[in-house]
Amino acid sequence: SALTAAEAEGDERAVEAALRPRSLDEVVGQSRVREQLGLVLEAARMRDKPPDHVLLSGPPGLGKTTLAMIIAHEMGSPLRLTSGPAITHAGDLAAILSGLNEGDVLFVDEIHRMSRPAEEMLYMAMEDFRVDVIIGKGPGATAIPLEIPPFTLVGATTRAGLLPGPLRDRFGFTARLEFYEPDELDQILRRSSGLLGVDLAVDGSAEIASRSRGTPRIANRLLRRVRDYAQVRADGVVTHDISRRALDLYEVDELGLDRLDRGVVDVLCRRFGGGPVGVSTIAVAVGEERETVEEVAEPFLVRIGFLARTPRGRVATAAAWRHLGLVPPASSMP
Ligand code: ADP
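Model, not experiment: these values are computed from the prediction.

Analysis parameters
Residues numbered from 1 in each chain as written. Predicted model: local features only at pLDDT ≥ 70, side-chain atom pairs only at ≥ 80, totals over all residues. Helix = DSSP H or I, 4+ residues; strand = E, 2+ residues; numbered from the N terminus. Buried ≥ 20, exposed ≤ 12 C-beta atoms within 10 Å, placed from the backbone. Contact = placed C-beta atoms within 7 Å. Near = placed C-beta within 6 Å. Nonpolar A, V, L, I, M, F, W, Y, C, P; charged D, E, K, R; others polar. UniProt positions renumbered as here; feature names shortened; annotations may be inferred. Core = buried A, V, L, I, M, F, W, Y, C linked by C-beta atoms within 7 Å. Pairing = 2+ DSSP bridges. Right-handed = clockwise from strand over helix to strand, strands pointing away. Axes fitted to C-alpha atoms, helices over the stretch in contact; angles between N-to-C directions. Parallel < 35°, antiparallel > 145°, perpendicular 65-115°, else oblique. Left-handed = near helix turned anticlockwise from the far one by under 90°.

As for the overall build of the protein chain
Then step 1. Helix and strand counts for the protein chain come out as 15 helices and nine strands.
Then step 2. Each principal axis of the C-alpha distribution contributes one length, and for the protein chain these read about 65 × 50 × 35 Å.
Then step 3. Buried positions account for 37% of the 334 residues belonging to the protein chain.
Then step 4. Sequence-distant contacts in the protein chain: of pairs separated by 6 or more residues, those separated by 24 or more amount to 66%.

Quick look at the structure:
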């Protein structure tokens, strides 16, 4: 199968694609979003019109691309994929928009990273299904209006707050994806193990689920790493004990913190006395981009109650100190 071939080639993206749910019914968790989106799509089908533009926000790996593909699939429409960083000039966007057919779904990942002129072109396209293409430069430049067939834009961003207000306002439906509960990750793991042919024991699945950082992409990835371990060091069965040993080896701790997460907590407590400290300072100390610290590590650390964002900067909680095996200072937050 395609999945076997992708695995044999170590093609991470192809394996991920093969594990994606194809319909809203197959999506695990996010029940509110699923119901709301289901209604938006159903109503659009009844009116025989493309659905309103959809904005999906949330940390990486929670299912934004998956939902975009499902929207297209459920509407029976082709999906065009692009990303904010790929659209550096307004002309890039004009080329994409002019190639759309009526009802197409255009997915723009990392939509907050589009250039300003492209963003302005997009406002008009979303609202009026029309763009002005500027021909020439300086005083002789002319704007040529170009009609675009009605389409549905699906934008994805790590945080809706990163988008300028006027862009955000042009989405008819906005959904925020939340981290998954362990029992939801457990369901995802059981589904994936079936597709991958992994012999996954009940307690093995629970162990991987609890260390997956609330993130389906991470759960699926850890499943494959634990399977490697089970095949090489044991009889191939992914048990609780095998999962625990494998995940320790891959430096994923009992709470699912990875090296970056731990680095942030470590720097915050040991170097800066628990804060408050600015996110840029933390980023420099762990040797990462500020965006990565802010959009990947922090949401999870906030979620598990290890870090608080305050007006004066980031602060470690008592739980974070204890996780490092340190005694929290008397002044630390509970
Ligand atoms: P994002 O676009 O938010 O970074 P993706 O949609 O690419 O995340 O999802 C990453 C992986 O996690 C995919 O392989 C997909 O199979 C899986 N996944 C995400 N959300 C779900 C879900 N709700 N149910 C089952 N699998 C999911």
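Picking up where we left off.
Thoughts on the site of the ligand
Then step 1. Taken together, 20 residues sit near the ligand, with Gly63, Lys64, Thr65, Thr66 and Pro216 positioned nearest.
Then step 2. Tallied by class, residues from the shell around the ligand come to nine nonpolar, seven polar and four charged.

Thoughts on the UniProt feature "domain: AAA+ ATPase" (unreviewed entry) in the protein chain
Then step 1. In the numbering used here, UniProt assigns the "domain: AAA+ ATPase" (unreviewed entry) feature to residues 50-183.
Then step 2. In the segment residues 50-183, helix accounts for 30% and strand for 27%; the C-alpha atoms at its two ends are 35 Å apart.

Regarding the UniProt feature "binding site: DNA" (unreviewed entry) in the protein chain
Then step 1. As recorded in UniProt, the feature "binding site: DNA" (unreviewed entry) lies at Arg290, Arg309 and Arg314.
Then step 2. Apart from the residues lying within four places of it in its own chain, the contact partners of arginine 290 are Val279, Ser280 and Ala283.
Then step 3. Leaving out residues up to four positions away in the same chain, arginine 314 has contacts with Leu268, Gly275, Pro276, Val277, Val279, Ile282, Leu307 and Arg309.

Examining the nonpolar core
Then step 1. Formed by 39 residues in total, the largest nonpolar core has its most connected members in Leu56, Ala68, Ile71 and Val154.
Then step 2. Broken down by secondary-structure element, the contributors of at least two residues to this core are α3 (31-47), β1 (54-57), α4 (64-75), α5 (90-98), β3 (105-109), α6 (116-128) and β6 (152-157).
Then step 3. Once residues within four sequence positions are removed from consideration, leucine 56 is found in contact with Lys64, Leu67, Val154, Ala156, Ala175 and Leu177.
Then step 4. Among the nonpolar cores identified, the runner-up in size contains 37 residues, and Val198, Ile208, Val293 and Leu301 belong to it.

With respect to the environment of alanine 68
Then step 1. The topology assignment puts alanine 68 in helix α4.
Then step 2. Taking C-alpha positions, alanine 68 is 9.3 Å from leucine 153, a pair spaced 85 residues apart along the chain.
Then step 3. Beyond its immediate stretch of four places on either side in the chain, alanine 68 contacts Leu79, Val105, Phe107, Val154 and Ala156.

Re the pairing of strand β2 (residues 79-83)
The side chains of a regular strand alternate, first on one face of the sheet and then on the other.
Then step 1. Alignment of β2 against β3, held across five bridges, turns out to be parallel. Across the sheet, the residue bridging to serine 83 is aspartate 109, located in β3.
Then step 2. Crossover β2 to β3 through α5 is right-handed.

A word on the packing of α3 against α4
Then step 1. One way to put it is that α3 packs onto α4 with a least axis distance of 10 Å and a crossing angle of 30 degrees. Accordingly, the angle class assigned to the pair α3 and α4 is roughly parallel. At the point where α3 passes α4, the crossing takes the right-handed sense. Touching Leu37, Leu41 and Ala44 of α3 are Leu67, Ile71, Glu74 and Met75, all from α4.
Then step 2. Counted by class, the contact of α3 with α4 contains six nonpolar, no polar and one charged residues.

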